[in-house]
Amino acid sequence: MTPLKHILRSIMISIWFMFLTFPLMVVYINPLNYTVTWRWKNMIMVGIGTFFASFFWRRFQNRTVGNNDKPSLGQKTLNHIYTSPEISRMLLGVLILFTLSFPFIFSTYQTNVFTTALMYVVLGLGLNIVVGLAGLLDLGYVAFYAVGAYSYALLNHHFGVGFWVALPLGALVAAFFGILLGIPVLRLRGDYLAIVTLGFGEIIRLILENWDKVFFGPSGISNISRPAFFGVELVEKSIPHAIKYMYYLVLLLVLFTIFFVNRLKNSRIGRAWIALREDEIACQAMGINKMRTKLTAFALGATWAGMVGVIFAAKTTFINPASFTFMESAIILSIVVLGGMGSIPGVILGAFFLVLLPEYFRTLGDYRMLAFGASMVIMMVFRPQGLISHIRTKYNFNAKEPLA
Amino acid sequence: MDNLQVELQYFLELFLGGLTKGSIYALIALGYTMVYGIIELINFAHGEIYMIGAFTALIIATVLNIMGVNHAALVLLLSAGGAVVYASAYGYTVEKIAYSPLRNAPRLSPLISAIGMSIFLQNYVLLAQTSNFLPFPKLIPEFEFLEPISHIMGSSEFTIICTTSVIMVLLTILIKFTKIGKAMRATAQDKSMALLLGINVNHVISFTFIIGSALAAVGGVLIGSQMGQINFYIGFIAGIKAFTAAVLGGIGSIPGAVLGGLVLGWTESFGTGYISSDYEDVFAFTLLVLILIFKPSGILGRNTSQKV
Amino acid sequence: MNVILDVKNLTMDFGGVRALNRLDLDIRAGEIVALIGPNGAGKTTFFNCITGIYNPTGGDILVTPPQKKTVRVNGVKPHIVTRMGLARTFQNIRLFQNMTVLENIMIGRHCRTQSEILGALIRGPKTRAEEEHIVHYSYALLKKIGLERQVNEFAKNLPYGDQRRLEIARAMATDPFLLLLDEPAAGLNPQETTDLVDLIHKIRTEDKISILLIEHDMKLVMTLSDRIFVMDYGKKIAQGTPGEIRNNPVVIKAYLGEDSDA
C-alpha cells in the first residue's frame, strides 16, 4: 500500500473510533442531578490518537508479515547468550550481585515492591509447569494460592503455628486440593478445563467470603505472624528488617524454583509434560500415563502456589478474599504467556514487566490498568510467542561416539 | 391449606425470578456460544460488550430526559436502539483488533488477548465515566394488565421473558433459513471447507460478533432497567455466568445456550430461595463444575469422538 | 511359531454404524502381516481397538508377549498396551512437532524408565545413569534409521519421509514385540519407499519385532508381507499369502467394484 492509502485508511479508522467513543467519552452524565457535560476535547484527542495509532499499526504489521518464523534480533542475541557460557555466566554473576545487594541499595519501599515481583516470579514459574510445560490451561490458579495463604493464616490464628512449619503444610494442603480437583477435571479437553478451573477458583473465593464462621468473611484475618528468624521472633518495631528478611526468603525460593523447574524441564517427567502438550494421543501410544502425568503437573503447580500463599500471608500479615480474585489468576497467566510459555527467563521477565510497570506507573493512576489491558492485546498481536520463546536443549554427539 | 398456598406462591415467585434471570443469561450466552462455535474462542470481552450496551442506553436515556423528551416508548426505542448499534460496533471492532490478527496463532494467544481486552474495556468505561454505581432509569413502563399478578410478576420480568422469547425465535429463523445463517453454520462445521466454497469467512465471523453483541446489549438494557443501577464491573460476573450457561447447555449449540441460561437461572433462584442466599454464585459454579465433570459436552452438546 | 496377537470376533459399533464386524486375525512371532482393504473398510479402527484408543463393543483381543502369559486387552488403557509391547504409528503423522528429533525418541523410552520428580530434583547417580541411557539409546536408534545428523532439529522441520521414519523409530524406542504401522508408505516417493522396505525388513530380522501394517501400496504389501488380511465394510473378506490374495476373486471384486469383470 502506498503511504497515501495508508493515510486515507487511517482517517477512516479515526472517524470510526470517534463515532465509537462518542457516547462514553464525550458525553458525561450525572444522573443524580440531571446534568450533562459535553467533552468535545476528548473526541479530538481520540481522532488524532487513533489516526497515528492506526498509521503505525499498519506500517508495523506490513513489516512483520511474512517473517514471523525468523528469530528477531533480540532472539538471536538471547540465543547467543544461551549458547555462550562465558557471557551467560558473567550476566548471571552481575544479576546475582544486584539482587543480593538490592535491599541495601534501595529503600524499604522498593525492597517491598521487589519482593512482590519475586513472589510473582515464583507464581509464574509454578503456573508455567501447568500451562507452559504440560499445556493445561488453568484459570483458577489463584485458588491454590488462597489455600496456602488461608492455611497459614488459620493455623497461625488458632494454634499459633509458625511460618516455617506452615510453609510445607500450606504447600501440602494446596497439593492435596490440586489432586482433589485434578482427578475429576483433568479428563476434560483444553477449554473446558479452563472454565472448570475458573469456576473452582471462584467457588473457593466465594466460600472464603461467605463462610464467616471459619474464614472470617470479607474482613479477612489479620495479625498473622511474620516468619521467625532461626527461632527468633522479629518484633514489630523492626519492620524494615522484616522486609529485608522477607526479600531474601523469597529470593531463595525463586532460586530454588528456577533450579527445580530447570531440572524438571529436561527430565523424563518434564519431557512427558511437553509431549502431552504437543499430542495427547501420540503420548499415550508412547506408554505415557496421561492422567498421572497431568496430575503431577497440576499438583506440582498447586504446591508452588500454596507455598507462595503462605509467604504472602506472612508478608502482608493480613489476608482477605479480595486478594484472590479471578483478576489475580489472569495476571499470573499473563505473566506466563507474555513472558513466553515454558521459558524460565521469559516468565521472570514477564513477572517483572507485569508487576513492576503498574507499580512504578502508579502516578498514571487508573490509566495503568488500561495500559495493562492494552499491552496484553498488543503483545499477543505482535508477538504471540511471548517475550522470550522456549528453547529446547541441544545434545552434542560430535565429541565422542556414544556407546550404543 | 393457607400454608400450601403461600408455599406455592413462593415457588412460583422463584420460578419466575429464575426464568427472568435465566433469560438474561441466555441472551448473553448466545454471544459466547456463537463465537465459540465459529472460532473456538472464549470471548472474555463479551461481558464488557454487555456492560457497554447498558451504559450507552443509560447515557442516551439521560440525555433525552434532560432534553425534555418524555415519551416513554420513544426513549426506550432510542436508548435500546443506540445500545444495540454501539454494542455491535464495539463487538466488531474488538474482533478486528484483538482476535482477527491471531487466527493462526497458538490457541492460548487469543484467549490472553481477550482477557486483555476485557481489562481494557472495563477501565476505559471506568475512566470515561465513573466507578460509582449509576442509577438506571426505568425504561420499561408499568403494564396495567399485569396489575392483578404484580406481586409475582412485574412488567420488567414480563418484558424480559417476552423479549427473550421473540429474539430466540428470530435468531433461530436467521440461523436456519437465511443465507448468512447457512454460511455461519457451514463455517462452524469446517472453516477451511467453507472458505473453499466461496464463503467469506471473515465476514461471517464479523457478523457473528455483531449479532452476539447486539443480543448482549439487549440483555444489558433489560437488566439495567430491572435492577435500577449499573457500574463498569457488571460485565465481568455476568459474562462468567453467561459463559457457564453456554457450557451448561453445550457450547456451540444455540438452543443449548437458552436451555443453559434457564437452568442456571432456576438453579440460582431456587438455591437462594430454599438453601441460602449467601451462596448464589457458588450454586452457579458448582453446577458448572458438576456438569463439566459428568457431561462435558453439556446438556444439548453432541458427543464428538476424537479423530485419530 | 506361537501366536502373539489373536483377535477373535472383534466388533466395534459407533452409534448405529458397525465399523468392525466379527473380525478374526492372528499374528505369529516374527511375521510381517499386512491389513489391506478399500478406504473406510475399518482398518484404522481395528488399530485403535487393539491399541486401547477405542474400547471394542465385542470380541476378544488376546496378546501374548514373549515368555509371558496371554492377556485380554479389550478396553485396556493405551499406555498399558504400549507397556505390554505393542507400539504403533499413525496414519496422519503424530510426532511431537515442537520437540527435537532426539527428544521425540526419548519420549518413546518413557515407559521403560522410572525416574520421577524427586529423582529429577536431586539428580542422583541412578537418575543420571538412566538419563544417559535414554540419550544414548535414542541416538543409537536415530543412527539406525539414518537421522543422526538431524538430532537437534525440530520434528516439524523434517521432510515428510523422514518424519515417517522418525515415527517408526519412536515406536521402536518403546521396546515392542509387535509394531503396528498405519500406512507407513503414504506420501513417500519411490526412493523413500524402497528405504522403508529395507527398514521394515531390518526391524524384523535384526530387532526380532513382528509387524502388522496397513498399507495401500500393493507392491510394497506383496513384497514385504508373509500373510495378508483383506477387509471390506468392517468384515474380513480374505486372508492368505500374497500369492493367494493376488488371485482371489473376492478381493479383486472388493477393490474394483461389483460390475468389474477384471
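Cut-offs applied
- Residues numbered from 1 in each chain as written.
- Chains lettered and ligands numbered in written order.
- Predicted model: local features only at pLDDT ≥ 70, side-chain atom pairs only at ≥ 80, totals over all residues.
- Heavy atoms only, no water.
- Contact = heavy atoms within 4.5 Å.
- Buried area = accessible area lost by both parts, 1.4 Å probe.
- Salt bridge = Lys/Arg side-chain N within 4 Å of Asp/Glu carboxyl O.
- Polar contact = N/O pair within 3.5 Å; in protein donor to acceptor, adjacent residues only side chain to side chain.
- Helix = DSSP H or I, 4+ residues; strand = E, 2+ residues; numbered from the N terminus.
- Nonpolar A, V, L, I, M, F, W, Y, C, P; charged D, E, K, R; others polar.
- Buried < 20%, exposed > 50% of the residue type's maximum accessible area, 1.4 Å probe, protein only.
- Domains from an automatic or database assignment.
- Pairing = 2+ DSSP bridges.
- Axes fitted to C-alpha atoms, helices over the stretch in contact; angles between N-to-C directions.
- Parallel < 35°, antiparallel > 145°, perpendicular 65-115°, else oblique.
- Left-handed = near helix turned anticlockwise from the far one by under 90°.
- Phe/Tyr/Trp six-rings, centres within 6.5 Å; stacked < 30°, edge-to-face > 60°.
- Lys NZ or Arg CZ within 6 Å of the ring centre and 35° of its normal.

K.L.:
Help me understand the interface of chain A and chain B in this model?
P.N.:
How large an interface is tends to be reported as the accessible area lost when its parts come together. Taken together, the contact between chain A and chain B spans 60 residues of the former and 65 residues of the latter. Of the roughly 5,500 Å² buried where chain A meets chain B, counting both sides, 80% is carbon and sulfur surface. The tally of links from chain A across to chain B stands at zero salt bridges. For the pair chain A and chain B, the number of links is six residue pairs in polar contact (both at pLDDT 80 or more). When residues of the side of chain A that touches chain B are traced back to their parent elements, those giving at least two are α1 (3–26), β1 (27–30), β2 (35–38), α2 (40–64), α7 (163–185), α8 (190–210), α14 (326–339) and α16 (367–382) of chain A. Per-element tally for the side of chain A that touches chain B: the top contributor is α8(A), with 12 residues. Its residues placed into classes, the side of chain A that touches chain B shows 49 nonpolar, six polar and five charged.

K.L.:
Even after reading the chapter, I still don't get unusual backbone geometry, so can you show me in this structure?
P.N.:
Residues and elements named next belong to chain C. One non-glycine residue, R22, adopts positive backbone phi at about 45 degrees. Within the element layout of this structure, R22 appears in strand β2 (residues 17–28). Take R22: its relative accessible area is 54%, and that puts it in the exposed class.

K.L.:
It is not clear to me how the environment of T317(A) should be interpreted in this structure. Could you clarify?
P.N.:
Residue and element names in this part refer to chain A. Inspection of the secondary structure puts T317 in the loop between α13 (290–316) and α14. Linking T317 and I221, residues 96 residues apart in sequence, is a C-alpha distance of 8.4 Å. Setting aside chain neighbours within four positions, we find T317 in contact with I221, S222, N223, I224 and R226.

K.L.:
Help me understand the domain arrangement of chain B, please; the structure alone is not making it clear to me.
P.N.:
Residues and elements named next belong to chain B. Domain boundaries assigned for chain B yield domain 1 (31–142 + 151–232) and domain 2 (236–300). The C-alpha centroid of domain 2 is placed 20 Å from the C-alpha centroid of domain 1. Contact residues are listed per partner, giving 13 residues for domain 1 and 14 residues for domain 2. Between domain 1 and domain 2 lies a buried interface of about 1,000 Å² when both sides are counted; carbon and sulfur atoms form 82% of it. Of all residues in domain 1, Y32, T33 and Y36 bury the most surface against domain 2, accounting for 48% of the area lost on that side.

K.L.:
How should I be thinking about the sheet that holds strand β5 (residues 71–72) of chain C in this particular structure?
P.N.:
Two pairing modes exist for strands in a sheet, parallel and antiparallel, and in both the strands are linked by backbone hydrogen bonds. Residue and element names in this part refer to chain C. With antiparallel pairing, the four strands of this open sheet are ordered in space as β2-β1-β4-β5. Each edge of the open sheet is held by one strand with a lone partner, namely β2 and β5. Packed on one face of the sheet, helix α1 (residues 43–50) meets β1 (3–14), β2 and β4 (58–63) and runs near 115 degrees to β1.

K.L.:
Quick question: what am I supposed to make of the interface of chain C and chain A here?
P.N.:
The interface of chain C with chain A comprises 43 residues on the first partner and 37 residues on the second. Across the chain C to chain A interface the summed buried area is about 3,800 Å²; carbon plus sulfur atoms make up 62%. It is H110(C), I117(C) and L121(C) that lose the most area in chain C upon contact with chain A, and together they represent 17% of the buried surface on that side. Inspection of the chain C/chain A interface yields four salt bridges. The interface formed by chain C and chain A contains 15 residue pairs in polar contact (both at pLDDT 80 or more). When residues of the side of chain C that touches chain A are traced back to their parent elements, those giving at least two are α2 (78–84), α3 (101–108), α4 (117–122), α5 (125–145) and α6 (160–172) of chain C. If one sorts the elements of the side of chain C that touches chain A by residue count, α5(C) sits on top with eight residues.

K.L.:
Explanation requested: the environment of P249(C) in the structure shown.
P.N.:
Within the secondary structure layout, P249(C) lies in helix α10 (residues 249–256). With 209 residues separating them along the chain, P249(C) and G40(C) place their C-alpha atoms 20 Å apart.

K.L.:
Help me out: how do you make sense of the pairing of strand β9 (residues 227–232) of chain C in this one?
P.N.:
For a regular strand, side-chain orientation follows a simple rule: the groups alternate between the two sheet faces. Residue and element names in this part refer to chain C. In terms of burial, β9 is a largely internal element, six of the six residues being buried. The two faces of β9 match: R227, F229 and M231 on one face and I228, V230 and D232 on the other face are all buried. In this sheet, strand β10 (residues 235–240) lies alongside β9 in antiparallel orientation, the contact comprising five bridges. From the neighbouring strand, I228 faces β10, where its bridge partner is G240. Adjacent in sequence and paired antiparallel, β9 and β10 are bridged by two residues, among which Y233 carries a positive phi angle near 45 degrees.

K.L.:
Any chance you could explain the environment of R128(C) here in plain terms?
P.N.:
Within the element layout of this structure, R128(C) appears in helix α5. Residues R128(C) and R22(C) lie 106 residues apart in sequence; the distance between their C-alpha atoms is 49 Å.

K.L.:
Before we go on, may I ask you to explain the pattern of salt bridges in this structure?
P.N.:
Side chains that differ in charge, positive against negative, can pair when their charged atoms come close. Residues and elements named next belong to chain C. Applying the stated criterion across every chain, the model contains 26 salt bridges over all chains. In this structure, R227 and D26 form a salt bridge, with 3.3 Å as the shortest nitrogen-oxygen distance. Of the two residues, R227 sits in strand β9 while D26 sits in strand β2, which places them 201 residues apart along the sequence. The exposure class of D26 is buried, given its relative accessible area of 19%. Taking the shortest distance from any N to any O, the salt bridge between K144 and D207 comes out at 2.9 Å. On the criterion of sequence distance, the pair formed by K144 in helix α5 and D207 in helix α7 (residues 190–207) is long-range, its members being 63 residues apart.

K.L.:
Please clarify how the packing of α14(A) against helix α15 (residues 344–360) of chain A should be interpreted in this entry.
P.N.:
The relative placement of two packed helices comes down to the angle between their axes together with the axis-to-axis distance. Residue and element names in this part refer to chain A. With their axes 7 Å apart at the nearest point, α14 and α15 run at an angle of 130 degrees to one another. Classified by the interaxial angle, the pair formed by α14 and α15 is oblique. When the axes of α14 and α15 are compared, the crossing they make is right-handed. Residues I331, S334, I335, V336, L338 and G339 of α14 touch α15, and the partners they reach there are G346, V347, G350, A351, F353 and L354. Residue composition of the contact of α14 with α15, grouped by class: eight nonpolar, four polar and no charged.

K.L.:
Explain the side chain of R94(C) here, please?
P.N.:
Inspection of the secondary structure assignment puts R94(C) in the loop between β6 (86–88) and α3. Separated by 2.8 Å, the side chains of R94(C) and D279(A) make a polar contact.

K.L.:
Before we go on, may I ask you to explain the packing of aromatic side chains in this structure?
P.N.:
The description of two aromatic rings rests on the distance between their centres and on the angle between their planes. Tallied over the full model, the rule gives 46 aromatic pairs over all chains. Ring centres 6.5 Å apart and planes at 35 degrees place the aromatic pair F22(A) and W38(A) in the tilted group. One end of the pair, F22(A), is in helix α1; the other, W38(A), is in strand β2, with 16 residues separating them in the sequence. Overall, F22(A) belongs to the partly exposed group, its relative accessible area being 24%. Judged by relative accessible area, W38(A) falls into the partly exposed class, the value being 40%. Ring geometry for Y145(A) and F312(A): centres 5.5 Å apart, planes at 45 degrees, overall tilted. Of this pair, Y145(A) sits in helix α6 (residues 142–159) while F312(A) is found in helix α13, placing the two residues 167 residues apart along the sequence. Both residues of the pair, Y145(A) and F312(A), count as buried. An aromatic cluster is defined as three or more aromatic residues linked by ring pairs; in this entry it consists of F98(A), F102(A), F106(A), F114(A), Y247(A), Y248(A) and F352(A). The aromatic ring of Y137(C) is capped on one face by R109(C), whose charged end is 3.9 Å from the ring centroid. The ring of F96(C) carries R170(C) above its face, with NZ or CZ at 4.7 Å from the centroid.

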